[in-house]
Structures are given as structure tokens and as C-alpha cells.
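# Examining the three-dimensional arrangement
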Amino acid sequence: MMSEPASVPMVLAEGVHKSFGKLEVLRGIDLSVRRGEVMCIVGPSGSGKSTFLRCVNHLERINAGRLWVDGDLVGYRQKAHRRTGLRLHELRPAEIARRRQDIGMVFQRFNLFPHMTALGNVTEAPQRVLGESKKDAAARARELLARVGLADKADAYPNQLSGGQQQRVAIARALAMRPKLMLFDEPTSALDPELVGEVLDVMRGLAESGMTMVVVTHEMGFAREVGDALVFMDGGVVVEAGPPRQVIESPQHERTQRFLRAVL
Amino acid sequence: MTDTAGQGGSPATPDGLPPGTSVGQITAVPVRHPGRWVAIAVLAVLGAMLVHGAVTNREFRWGTVGTYLFDERVSRAALETLRLTVLAMLVAVVLGVVIAVMRLSPNPILSGVAWLYLWVFRGTPVYTQLVFWGLVGVLYPRIGFGIPFGPQLVELDTSELIGPFMAALIGLALNEAAYMAEIVRGGILSVDEGQGEAASALGMRSRTIMRRIVLPQAMRVIIPPTGNEVISMLKTTSLVVAVPYSLELYSRTRDIAVRIFQPVPLLIVAAIWYLTMTSVLMVGQFYLERHFARGSTRNVAPTLLQRFRGLGQGGGGGA
């Protein structure tokens, strides 16, 4: 698969396992996301899709297998060892934080900081993590808020915004760190049906700008139109993967067919 | 805007008014609460009886109360009580935050030390601890800093380093820090887990997350019980006589009372000062809570004056 070293995939998973106690949530995930690709992950709840997404930026620690982001092993460093050849070393918290800076994440329940204005939410990490000046961070934050259509809401607190507006601020907040990869964890599942469109529009724009995105979603329309690849997960494994149209219109696997009949 | 009446044949409203009259600003008569006024009257009478009884009872010796209420020794002692309260609480809050964060740390050494601290300082009476700090000079006459088991570099007289005021302050602060730690821990745990996740997904380090994201949100939960602790501390300062330190309000008024053989009026003097200081602290707490409610409620709490005005009418009283 990864024959040309020049095009290292943005995300590469090989046999990823994750258990919570006795519950095995991921049972050997293999997939790869190319640069600039939009991959949508669908599947019934409890299929492990959100857990996989959280493993990508090390919010969850995997138990077996390997996971790379942009060629770097997630959560570990490989070092040569006298007897065993290669050995894994856990990364220090500072190094984990450093890697996460390049990976934006958008949550189902937005998780905006309620004690800060929309502008404050967007400028916080660039100021505290990247050490940007207040002026530079604010200028860029206003730009990003304009990009998600919320230029006039900079001074509003999250509880003064609708769900759709909050999620768009959350996207601007993630973009402020200039990530090379964006993870979306069911970004529209907590929204009123009317408000889903405005968030998907922002995501569509982001995809068109060439951002690499992994999107866990139930929006089959979005997956079909915007996605470059579609992965169907169930029971902690990838059941079927391929170009969205192909998977949606002529699913090969019986489980995929059953799922699509239910959601379409 | 209200012009729906013009449409021919549109039906009247259910209560028979012509169509269109129901549209517009509602100017309803608010629900009256006559019971509240009756209760106020009853309480006023009872209060008047109480005041009358106290004023006419010669044993209260209001003249003496008046003489000593603004006596310089008393007002100075009140200031000393306030100083002890504020300093002890400042130390306790800072130390409490540190211990709470330690207690929640994944590092077993830090959380173990924090647990041990709580066990000792919450598990023994503050009076005992105050006596101990008063005796520390006897237990360790000299305090030295140097190489462990080796030579001393600096050596100090303990009684010089820890005088009565210092002993009282340390005793109160260390004990209070244990309680503050639990209050802060409760506040930290009340903050949604998603907040920390969102912040770490942005690449923030745990210390920054605690300082910028978690603690500011925890403040809303931390402040009310902390106000309680401040007021409790104001009164606990009367125990520092155990050190012994006797320049604060309670000891001072008691000393005067013993000298002039009149305990009641000086108790009243002390009570009036404690009540006054508590009232001032309560107002401070109210405005602090209003400040930290920012972003968490759409309706900012009314100021004290606005609340008082709303007493007699409307549903605004809310139980």
C-alpha cells in the first residue's frame, strides 16, 4: 500500500485494538487517509468509530497495533534497542501536546469554553500554546470567524449562540491552530435539523480548500457528495470501505446493506 | 402589525372579543401576595417586642455597650480579627488549590501526600492544632537550615520566627487549607470532562488547562462554600486564645469584661462587630458570584437593591 515514501499517508492504522476494561471496542482497524482526502466513517452507535477518531489524537491510548499521523507514531517513539531491535517509548505529555497542535478536533457537543467569548475561544490556544501576540491572534480569529459566517458574533458568549453557531465557532477554534488534519466527531448529531446545513456548508468549504478530514457522521448525503472515501464500521472492525458512491449504491457486505437500508 | 381584524369573516376569539383585540403587549395585573404583607406585619410586631425588651432590660447596660463599641482597643481588635481572617484565608485558598490539584493528579506520590495532609489537618481539632503551633517554640527551640544530618548553615530562634500572631496564622491557615482543598476539588470535578478534552485537543498542557479552562469554570461552584468558610474563619479566630494570642476581638472584649465585671455588654459589643464584618463580607461574596456567573447564565442576577424592590409583587420572588 505505502510503496512510495514521497506520499506518506496523513493517517495510517494497522491492526488498531482498543479495550475499555473487558470491552473490546476496536478489534483490528486497518485504514489509511491520503493527504487532502476527506474520509467519512459511518456505522451504528457502539461500532467504535468515535473511539477510533479519539485514538488518532491520542485522547485514547491504543492497546495493540500501530497508528501513524503524518509519518509519526501516535503516542510513542520507536528507538533502537540492543537486544530486541526496536523498542517503543511512551511520549512525554509535552510531546503529546505538541503533536496534538497539528490535529484539529471538533466534538459532537461543541465543548466551547463557556466563560470566554467566541473570540476568546478562538484566540486562547494560539496565545497560550503558540505564544502568538494578543493582537495577531485576535486578527486571525476575526478572519476565521468571518470564514465560518460569524463575524458579528465575536463578542458573544457560547450560551448566547445557537447550536449551529457554536459548532462553527468550534471549527474556527480548531482552525486557529493551523492544523494539517481535522477530525470531526459527529459534528451535527447534537443539532436541530434546521441548523445542520450551516455546519455542513462550512465543512464542505473546508474540504474544498484541500484540508485532510476524517469525519464520523450520520449524514449520508454529505458523505456521498463531499467524501473521497467512505468507511463502514461495525463491531470494532472495518466492514467495508471504498469510494462513497460505490459503497452507498452497491454495498457488497450484507451488514452494510442492512445499515444503509435503515438510514437512507 | 395588529391588523388582522380587517379580514372579513374571521372568527371571534374564544372569549367572544372581536378578532384582533387579543394581539398586543400583555399588561396583566400581577399575582398579589397579601400573605407576605401579613407575615411582614407579624414579624415587625415580634421584632419590636424583642427590641423593646432588650432596650428596657437594665441588665443589657446599653450605656456600657455604647462606651465600648467604638473604644479604640475594641476597634483595633476587630481590625486584628479581620487581618487574621483575610491572611489565613488567602494562605488557605492558595494552599487548598495546590492540594486539590495534587489530590487529583495521576502521580501517586502527589495524591498520596495530599491525602495524608487532609487526614492530619482535617482529622484533628483546630483548637489542638493552635495549641501545638503555640508550643512549637518549646518543642523546637531553634530552627536550622543546612545539610540533612550535616552542619547547619543558618540557625534561628523559633520564638522569633514564629511569634504568637504567626503561630495563630499558621494554625488557622493550615487547618483551613484542608477544607478548602475539598471545596476546590469538588469545583474541579464539577467541570464537564469535555472541556479538558477540547483544550488538550488544541495542544494545551495540563497546567494551562487547569489555570485557564478548568479553574475559572470551577469558581462558580467554589465561591459559595468559600464564602461560608470566610465567615466561619472570622469566628474561628476567637479560638487563637489557645496559642495564646489575645489581641483579636473576642479575647480583647472578654479581657475588658473581666476587668469591669460586666460580661453581657461586651459580648454584645463583640457580636455587633462580628455581625458588621460578616455583612460586609457577604456583600463582597454576592458581587464575586455575579462576576463568575459570566457566560453561564443569560439572566445576570439582580443587584441587592433590585431584589429588595421586587419583594411585594410578581412571580419574581420565586419561593
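In this report, we go over the structure that sits alongside the text. What you are looking at is a predicted structure, and each value in this text was computed from that prediction instead of being measured. Here, residues in each chain are numbered from 1, in the same order as that chain's written sequence. Following the order in which they are written, the chains are lettered starting with A and the ligands numbered starting with 1. For a predicted model such as this one, the threshold for reporting local features is a pLDDT of at least 70, and the threshold for listing and counting side-chain atom pairs is 80 or more; totals across whole chains, interfaces and linings nevertheless cover every residue. By convention in this description, side-chain values take in all heavy atoms of the structure and omit both hydrogens and water.

### What to know about the overall build of chain A
A tally of regular secondary structure across chain A gives nine helices and twelve strands. For the radius of gyration, the atom set is restricted to C-alpha positions; the globular benchmark scales as 2.2 Å times the number of residues to the power 0.38. Over its C-alpha trace chain A gives a radius of gyration of 19 Å, about what one expects of a compact globule, namely 18 Å for 264 residues. By principal-axis analysis of the C-alpha atoms, chain A measures approximately 55 × 55 × 40 Å. Expressed as a percentage of its 264 residues, the buried residues of chain A come to 54%. Looking at chain A alone, contacts between residues at least 24 apart form 63% of all its contacts between residues at least 6 apart. The Shrake-Rupley method, run with a 1.4 Å probe sphere, supplies the accessible areas, and residue values consider only the shown protein chains as cover. By element, 47% of the accessible surface of chain A is carried by carbon and sulfur atoms, the whole surface being about 12200 Å². Within this scheme the basic residues Lys and Arg register as positive and the acidic residues Asp and Glu register as negative, but His and the chain ends are omitted. We put the charge of a Lys on NZ, of an Arg on CZ, of an Asp on CG and of a Glu on CD. Here chain A carries 36 positive and 31 negative side-chain charges, and the mean point of each set is 8 Å from the other. Strands are runs of DSSP state E lasting at least two residues, helices are runs of H or I lasting at least four, and both sets are numbered from the N terminus onward. When a residue's accessible area, from a 1.4 Å probe over protein chains only, is under 20% of the maximum for its type it is buried; when over 50% it is exposed; and in between it is partly exposed. Contact definition: two residues touch when any of their heavy atoms are within 4.5 Å.

### Let's talk about the overall build of chain B
A tally of regular secondary structure across chain B gives twelve helices and two strands. Taken from N to C terminus, the helices and strands of chain B fall in the order α-α-α-α-α-β-β-α-α-α-α-α-α-α. Within chain B, the fraction of its 319 residues that count as buried is 34%. Split by element, the accessible area of chain B, about 19700 Å² in all, is 67% carbon and sulfur.

### Overview of the environment of Val-51 of chain B
All names here are of chain B. Residue placement: Val-51 occurs in helix α1 (residues 34-56). The exposure class of Val-51 is exposed, given its relative accessible area of 53%. Taking C-alpha positions, Val-51 is 46 Å from Ile-188, a pair spaced 137 residues apart along the chain.

### Quick notes on the sheet that holds strand β5 (residues 72-73) of chain A
All names here are of chain A. When DSSP finds two or more bridges between two strands, those strands count as paired. Read across the open sheet, the four strands follow the order β2-β1-β4-β5; overall the sheet is antiparallel. Edge positions in the sheet fall to β2 (23-33) and β5, since each of these pairs with one other strand and no more. As paired strands, strand β1 (residues 11-20) and strand β4 (residues 64-69) are joined by five bridges and run antiparallel to one another. For His-17, the partnering residue across the bridge sits in β4 and is Ala-64. Against the sheet, helix α1 (residues 49-56) contacts β1, β2 and β4, and its axis sits at roughly 65 degrees relative to β2. Only the stretch in contact is used when a helix axis is fitted, and all axes are lines through C-alpha atoms; the angle between N-to-C directions ranges over 0 to 180 degrees.

### Notes on the state of the cysteines
Residues and elements named next belong to chain A. We call a pair of cysteine sulfur atoms a disulfide when they lie within 2.5 Å. Under the definition given, this model contains zero disulfides over all chains. Note on Cys-40: no disulfide assigned, nearest cysteine sulfur contributed by Cys-55 at a separation of 19 Å. Take Cys-40: its relative accessible area is 0%, and that puts it in the buried class.

### Structural notes on the sheet that holds strand β10 (residues 212-216) of chain A
Residue and element names in this part refer to chain A. Pairing is mixed in the open sheet, where six strands are placed in the order β8-β9-β10-β3-β11-β12. In this open sheet, the two edge strands, each paired with only one partner strand, are β8 (103-106) and β12 (237-242). Each adjacent strand pair in this sheet contributes to an overall mean axis angle of 15 degrees, direction not counted. With five bridges connecting them, strand β11 (residues 229-234) and β12 associate as antiparallel partners. Bridge pairing in β12 links Phe-232 to Glu-240.

### Thoughts on helix α10 (residues 249-260) of chain B
Residue and element names in this part refer to chain B. For α10, which comprises twelve residues, the first-to-last C-alpha distance of 17 Å matches the rise-based estimate of 16 Å (1.5 Å per residue) to within 8%. Close packing links the buried residues of α10 with α2 (62-69), α3 (72-103) and α11 (263-292). Count one or two residues on from α10 and you reach Phe-261, which has phi positive near 55 degrees. Helices are assigned an expected span. That span is 1.5 Å times one less than the residue count.

### Re the pairing of strand β9 (residues 181-185) of chain A
Here is the key point about a regular strand: its side chains alternate between the two faces of the sheet. Residue and element names in this part refer to chain A. Of all five residues making up β9, five are buried, and the element is well covered by its neighbours. Across the two faces of β9 the burial is the same, with Leu-181, Leu-183 and Asp-185 and Met-182 and Phe-184 all buried. Bridge analysis of β8 against β9 gives four bridges, and the strand direction is parallel. From the neighbouring strand, Gly-104 faces β9, where its bridge partner is Met-182. Bridge count for β9 against β10 is five bridges, and the pairing is parallel. By the bridge assignment, Leu-181 is partnered in β10 with Thr-212. As a crossover connection, the stretch from β9 through helix α6 (residues 193-208) into β10 is right-handed. We call a crossover right-handed when, viewed with the strands running away from us, the connection from the first strand over the helix to the second turns clockwise.

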